[in-house]
Amino acid sequence: MPKSRRKTLAVLTSGGDCAGLNAVIRAVVARAIEGYGWRVIGIKDGTQGLMLRPVDYVELNVNVCGGDMLRQGGTFLGTTNKGDPFAYPMPDGTKKDRSGEIIDAVREMGIDAVIAIGGDGSLRIIRKLAQQGNIPLVAVPKTIDNDVHLTQYAVGFNTAVDVCVDALDRLQPTAASHHRIMILEVMGRDAGHIALHAGVAGGADVILIPEIPYTLEGVKAKLDNVKVSGRNHGLMVVAEGVKTETGGPVTVAHSDQQVRYGGIGHYLSDRLAKLVGAETRYTVLGHVQRGGIPSMRDRVLASAFGVHAVDLVAFERYDRMVAWQGRGVTDVPLAEVAGVTRSVSLDDPLVRTAHGLGIYVGEVRT
Ligand code: F6P
């Protein structure tokens, strides 16, 4: 163990929440305080807490962050996926660069290193801040979409998939009772990892993901085959980021002027009801996938990530992200991660598995 003076370590969560964030914070606190005797503070609401004066933070210790944190969804530090500090939306409608305020706060608080738990987008912004302000940074990947480059798993993904599989387990009996085709729309803006895993584990007949083009005729052919085989119902999983057959995104405008994905399940339900001549229903799982009690896998991942992140700080190996590769935790250069989306590749073994099971996964031949 490296001998060092007592450091002040700041931890924050950024971007959309997910299950397992509290478990990461707990592991960071345990390792930093019990292992190294450092001080740990938690910044509230991602980088937002560092823009406030006084800075919004809490002192963390092993009592505040005990074993109960393993079981709690969300993030008790709060988070945000709005308000890029380099172009911060001001009340008068203008955009202001507030990065300097964050960097000043880190200096004034005597923070020696920051552990940021975030997804692709928020880690990119935090890395830019760290570079501009010379802030020692270690990143921990989280996102239910599981699209962070160079890590097989990000915190939150496994729990989200469990939620989707549970939904399919509940949809299947009602589909069978009513002779229906049930369409489950799951999250996944740019990547279809959730849909692919949930569809395979939940016995879907059709899985549509943003990475693989599909045709309604292809979907119909599969559903017709299901009928011919004697089964009276079908299950489909579709990622929210899947486009219409002609390539248009299906989005919903929100009151905050932001446009988010949503509605592809409805679109497919309407089209397929006519095309297949079957009764269809769709369910949009939405943020249910982000909440709830973290799964065993996410608790293990979060714990390994938190401990490893603190060890990287101890060895002053900064500008790195902890990652899961093969059978365990490792770390990778943050520079290689930022700005790259880990999509489902056409030669993904699970795409082959789905295809081998007879699932229609779009116009792909493996
Ligand atoms: O990136 C994770 C994610 O859950 C996406 O799958 C989804 O489109 C988005 O966040 C929703 O974000 P918000 O919390 O802004 O609704």
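Our subject is the structure listed above.
This report concerns the structure included in the present document. What you see is a predicted model, and the numbers here were worked out from it, not measured in a lab. (Residues numbered from 1 in each chain as written. Predicted model: local features only at pLDDT ≥ 70, side-chain atom pairs only at ≥ 80, totals over all residues. Heavy atoms only, no water.)

## Quick word on the overall build of the protein
Secondary structure assignment for the protein yields 10 helices and 15 strands. Its C-alpha atoms give the protein a radius of gyration of 22 Å, near enough to 21 Å, the size a compact globule of 366 residues would have. Counting only C-alpha atoms and orienting by the principal axes, one finds that the protein spans roughly 70 × 50 × 35 Å. For the protein, buried positions account for 52% of its 366 residues. Considering only contacts within the protein whose residues lie at least 6 apart along the sequence, 72% involve residues at least 24 apart. A total of about 15700 Å² of accessible surface is found on the protein, and carbon and sulfur atoms cover 51% of it. For the protein, the distance from the average site of its 40 positive side-chain charges to the average site of its 39 negative ones is 2 Å. (Helix = DSSP H or I, 4+ residues; strand = E, 2+ residues; numbered from the N terminus. Rg over C-alpha atoms; globule rule 2.2 N^0.38 Å. Buried < 20%, exposed > 50% of the residue type's maximum accessible area, 1.4 Å probe, protein only. Contact = heavy atoms within 4.5 Å. Areas by Shrake-Rupley, 256 points an atom, 1.4 Å probe, with all protein chains shown as cover. Lys, Arg positive; Asp, Glu negative; His and termini not counted. Charge placed at Lys NZ, Arg CZ, Asp CG, Glu CD.)

## What to know about the site of the ligand
Within the structure, the ligand sits among Asn81, Ile144, Asp145, Met187, Gly188, Arg189, Glu240, Arg260, His287 and Arg290. One of the side-chain N or O atoms of arginine 189 is found 3.0 Å from an oxygen atom in the ligand. Contact with the protein chains covers 85% of the free accessible surface of the ligand, which is 400 Å². Grouping the amino acids of the shell around the ligand by side-chain chemistry returns 2 nonpolar, 3 polar and 5 charged. When residues of the shell around the ligand are assigned to domains, at least three map to each of domain 1 (8-155 + 294-336) and domain 2 (160-290). (Near = heavy atom within 4 Å. Polar contact = N/O pair within 3.5 Å; in protein donor to acceptor, adjacent residues only side chain to side chain. Nonpolar A, V, L, I, M, F, W, Y, C, P; charged D, E, K, R; others polar. Domains from an automatic or database assignment.)

## Concerning the packing of aromatic side chains
Considering all chains together, one arrives at 2 aromatic pairs under this definition. Between tyrosine 36 and tryptophan 38, the aromatic rings sit 4.7 Å apart at their centres with planes inclined by 20 degrees, giving stacked as the arrangement. Taking the relative accessible area as the measure of exposure, tryptophan 38 reaches 2% and is therefore buried. The interplanar angle of 25 degrees and the centroid separation of 6.3 Å between the aromatic rings of tyrosine 153 and phenylalanine 157 together place this pair among those described as stacked. We classify tyrosine 153 as partly exposed; its relative accessible area is 35%. Looking at phenylalanine 157, the relative accessible area reads 3%, which means it is buried. Directly above the aromatic system of tyrosine 88 lies the positively charged group of arginine 98, at a separation of 4.8 Å from the ring centroid. The ring of phenylalanine 86 carries lysine 128 above its face, with NZ or CZ at 4.1 Å from the centroid. (Phe/Tyr/Trp six-rings, centres within 6.5 Å; stacked < 30°, edge-to-face > 60°. Lys NZ or Arg CZ within 6 Å of the ring centre and 35° of its normal.)

## What to know about the sheet that holds strand β7 (residues 137-141)
Taken together, the 7 strands give an open sheet; going across it, the order is β3-β2-β1-β6-β7-β14-β15, and neighbouring strands pair in mixed fashion. In the strand order of this sheet, the two ends are held by β3 (57-60) and β15 (328-333), each with one partner. Shown here is a sheet whose adjacent strand axes are inclined to one another by a mean of 25 degrees, direction ignored. The pairing of strand β14 (residues 320-325) with β15 spans 6 bridges and is antiparallel. Bridge pairing links valine 322 to aspartate 331 in β15. The sheet strands contacting helix α1 (residues 21-36) are β1 (8-13), β2 (39-43), β3, β6 (113-118) and β7, and the helix crosses β1 at an angle near 175 degrees. (Pairing = 2+ DSSP bridges. Axes fitted to C-alpha atoms, helices over the stretch in contact; angles between N-to-C directions.)

## Quick look at unusual backbone geometry
With an omega dihedral of 0 degrees, the bond running from arginine 53 to proline 54 counts as a cis peptide bond. Unlike most non-glycine residues, asparagine 134 shows phi in positive territory, near 55 degrees. In this model, asparagine 146 sits at a positive phi of 60 degrees, which is unusual for a non-glycine residue.

## Observations concerning the nonpolar core
Formed by 87 residues in total, the largest nonpolar core has its most connected members in Ile115, Leu208, Tyr214, Met236 and Leu268. With 10 residues, the single largest contributor to this core is helix α4 (residues 157-178). Among the domains, domain 1 (8-155 + 294-336) and domain 2 (160-290) are the pair contributing at least three residues each to this core. When residues no more than four places from it in sequence are discounted, the contact partners of methionine 236 are Ile181, Met182, Ile183, Leu184, Val206, Leu208, Val219, Leu223, Leu268 and Leu272. Judged by nonpolar contacts, the second largest core, of 30 residues, contains Ala10, Phe86, Met109 and Ala139. (Core = buried A, V, L, I, M, F, W, Y, C linked by side-chain atoms within 4.5 Å.)

## Here's the deal with the sheet that holds strand β8 (residues 180-186)
Read from one edge to the other, the open sheet built from 4 strands follows the order β9-β10-β8-β13, with strand pairing classed as parallel. One side of each edge strand has no neighbouring strand; the edge strands of this open sheet are β9 (206-208) and β13 (279-284). On average, adjacent strands in this sheet sit at an angle of 15 degrees to one another, irrespective of strand direction. Relative to strand β10 (residues 234-239), β8 runs parallel, the two being bridged by 6 bridges. Directly across from leucine 184, in β10, lies its bridge partner valine 237. Against the sheet, α4 makes contact with β8, β10 and β13, and its axis sits at roughly 160 degrees relative to β8, the strand it touches most. Packed onto the sheet, helix α7 (residues 264-276) meets β8, β9, β10 and β13 and runs at close to 160 degrees relative to β8.

Purely geometric numbers; function is a separate question.
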